[in-house]
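Listed below, chain by chain, are the residues.
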Amino acid sequence: MRTRILPVRTGWDPGPADGSFYPDGLPREWRLTYFANQLMGVLIETSGWGRAAPEALRHWRLDVSPQFRFYLRVGDAGIHASARESAPAWLGDRFGGWVVGADATGGAGPLEPSYEWAGSLSAVAASSARGVACEVPGGLDRDLRAARRWLDGLAAAAAGRPTLALMGRARIEEVCRWQSLVQLLGLA
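Quick look at the structure, then. Remember, predicted model here, so these are calculated numbers, not experimental data.

## Description of the overall build of the chain
Step number 1: Counting its regular elements, the chain contains seven helices and seven strands.
Step number 2: For the chain, the α and β elements follow one another from N to C terminus as β-α-β-α-α-β-α-β-β-α-β-α-β-α.
Step number 3: Computed over C-alpha atoms, the radius of gyration of the chain comes to 16 Å, within 12% of the 16 Å expected from 2.2 N^0.38 for 188 residues, which places it in the range of a compact globule.
Step number 4: Projecting the C-alpha coordinates of the chain onto the three principal axes gives extents of approximately 45 × 40 × 25 Å.
Step number 5: Counting only carbon and sulfur atoms, one obtains 52% of the accessible surface of the chain, whose full area is about 9200 Å².
Step number 6: When the 21 positive and 19 negative side-chain charges of the chain are each reduced to one mean point, those points stand 4 Å apart.

Quick look at the structure:
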């Protein structure tokens, strides 16, 4: 059974090490489009999408290619049911799914589609969720040989389920490299 792994970064705003990613003079409102031309998805924390106006989420959808996906994190406290219902509607077919803790449902039943947040490969293997999301251990974003071993382990633990490799606020260029590595390994 083939596992599909997608490396995702949290947010598209540049970190201190991302100084060269966005071209000089690129307007702030064009960053998402530029980011989405390089990567296939992004994780948005609850604080980022939960406070956004519905019109902003609609603009996010319009600013990315049809292949790009938004994955929305649901914190332990859950989210209000109306926000949970409206966010996927505003993002439409660009909504990739919810990223939830093993016991977080947002207070109103299961969230679908969802990826269960797992902190380790053993937690991924033990999970019965349809999709899993695992944090990439620190340092692997810069060592592609070690990354390959970890990705092989993640694919084995996921056993064919859709999987997100959560890279936090890693340099955008590193996430691009991981995306290429996943494609070369046949895990995309």
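## Considerations on the sheet that holds strand 3 (residues 69-73)
Step number 1: The seven strands are arranged 1-2-3-4-5-6-7 in a closed barrel whose pairing can be described as parallel. Between one strand and the next, the sheet's axes are offset by a mean angle of 30°, whatever the strand orientation.
Step number 2: With four bridges joining them, strand 6 (residues 132-135) and strand 7 (residues 163-166) adopt parallel strand pairing. Looking across to strand 7, one finds that Cys134 is bridged to Ala165.

## Side note on unusual backbone geometry
Step number 1: Its identity as a non-glycine residue notwithstanding, Ala159 has a phi of 50°, on the positive side.
Step number 2: Along the chain, the position of Ala159 falls in the loop between helix 6 (144-158) and strand 7.
Step number 3: By relative accessible area, which is 48% here, Ala159 ends up partly exposed.

## Digging into the pairing of strand 7
Sheet faces and side chains relate simply in a regular strand, where the side chains alternate between the two faces.
Step number 1: The side-chain alternation of strand 7 yields two buried faces, one formed by Thr163 and Ala165 and the other by Leu164 and Leu166.
Step number 2: Here strand 1 (residues 5-10) runs beside strand 7; their pairing, made up of four bridges, is parallel. What sits directly across from Ile5, in strand 7, is Thr163.
Step number 3: For the segment spanning strand 6, helix 6 and strand 7, crossover handedness is right-handed.

## Considerations on the layout of surface pockets
Step number 1: Volume-wise, the largest pocket comes out at about 340 Å³.
Step number 2: Looking at the largest pocket, it is lined by 18 residues, and the ones nearest its centre are Gly11, Trp12, Asp13, Ile44 and Trp60.
Step number 3: For the lining of the largest pocket, the secondary-structure elements that each account for two or more residues are helix 1 (31-36), strand 2 (41-44), helix 2 (46-49) and helix 3 (54-62).
Step number 4: Split by residue class, the lining of the largest pocket holds six nonpolar, five polar and seven charged.

## What about the nonpolar core?
Step number 1: One finds Trp12, Trp60, Phe70, Trp98, Trp150 and Leu151 to be the most contacted residues of the largest nonpolar core, which totals 48 residues.
Step number 2: Take this core: its biggest share by element is eight residues, from helix 6.
Step number 3: Setting aside residues up to four positions removed in sequence, Phe70 forms contacts with Trp12, Leu32, Val42, Ile44, Trp60, Arg61, Val64, Leu91, Arg94, Phe95, Gly96 and Gly97.

## A short note on helix 6
Step number 1: If you check helix 6, its first and last C-alpha atoms are 20 Å apart, about what 15 residues at 1.5 Å a residue would give, namely 21 Å.
Step number 2: For helix 6, the complete set of buried residues consists of Ala146, Ala147, Trp150, Leu151, Leu154, Ala155, Ala157 and Ala158.
Step number 3: Here the buried face of helix 6 lies against strand 1, helix 5 (121-126), strand 6, strand 7 and helix 7 (172-184).
Step number 4: For helix 6, the N-terminal cap is Asp143; the gap from its side-chain oxygen to the backbone nitrogen of Arg145 is 3.3 Å.
Step number 5: Of the residues trailing helix 6, Ala159 is marked for its positive phi of about 50°.

Rules used in this analysis
Residues numbered from 1 in each chain as written. Predicted model: local features only at pLDDT ≥ 70, side-chain atom pairs only at ≥ 80, totals over all residues. Heavy atoms only, no water. Helix = DSSP H or I, 4+ residues; strand = E, 2+ residues; numbered from the N terminus. Rg over C-alpha atoms; globule rule 2.2 N^0.38 Å. Areas by Shrake-Rupley, 256 points an atom, 1.4 Å probe, with all protein chains shown as cover. Lys, Arg positive; Asp, Glu negative; His and termini not counted. Charge placed at Lys NZ, Arg CZ, Asp CG, Glu CD. Pairing = 2+ DSSP bridges. Axes fitted to C-alpha atoms, helices over the stretch in contact; angles between N-to-C directions. Buried < 20%, exposed > 50% of the residue type's maximum accessible area, 1.4 Å probe, protein only. Right-handed = clockwise from strand over helix to strand, strands pointing away. 1 Å grid on protein atoms, 1.4 Å probe; cavity = no way out; pocket = protein on both sides within 12 Å on 5 of 7 lines; lining within 4 Å. Points joined across faces, edges and corners; volume = space filled by probe spheres on them. Nonpolar A, V, L, I, M, F, W, Y, C, P; charged D, E, K, R; others polar. Core = buried A, V, L, I, M, F, W, Y, C linked by side-chain atoms within 4.5 Å. Contact = heavy atoms within 4.5 Å. Expected span 1.5 Å × (residues − 1). Polar contact = N/O pair within 3.5 Å; in protein donor to acceptor, adjacent residues only side chain to side chain.

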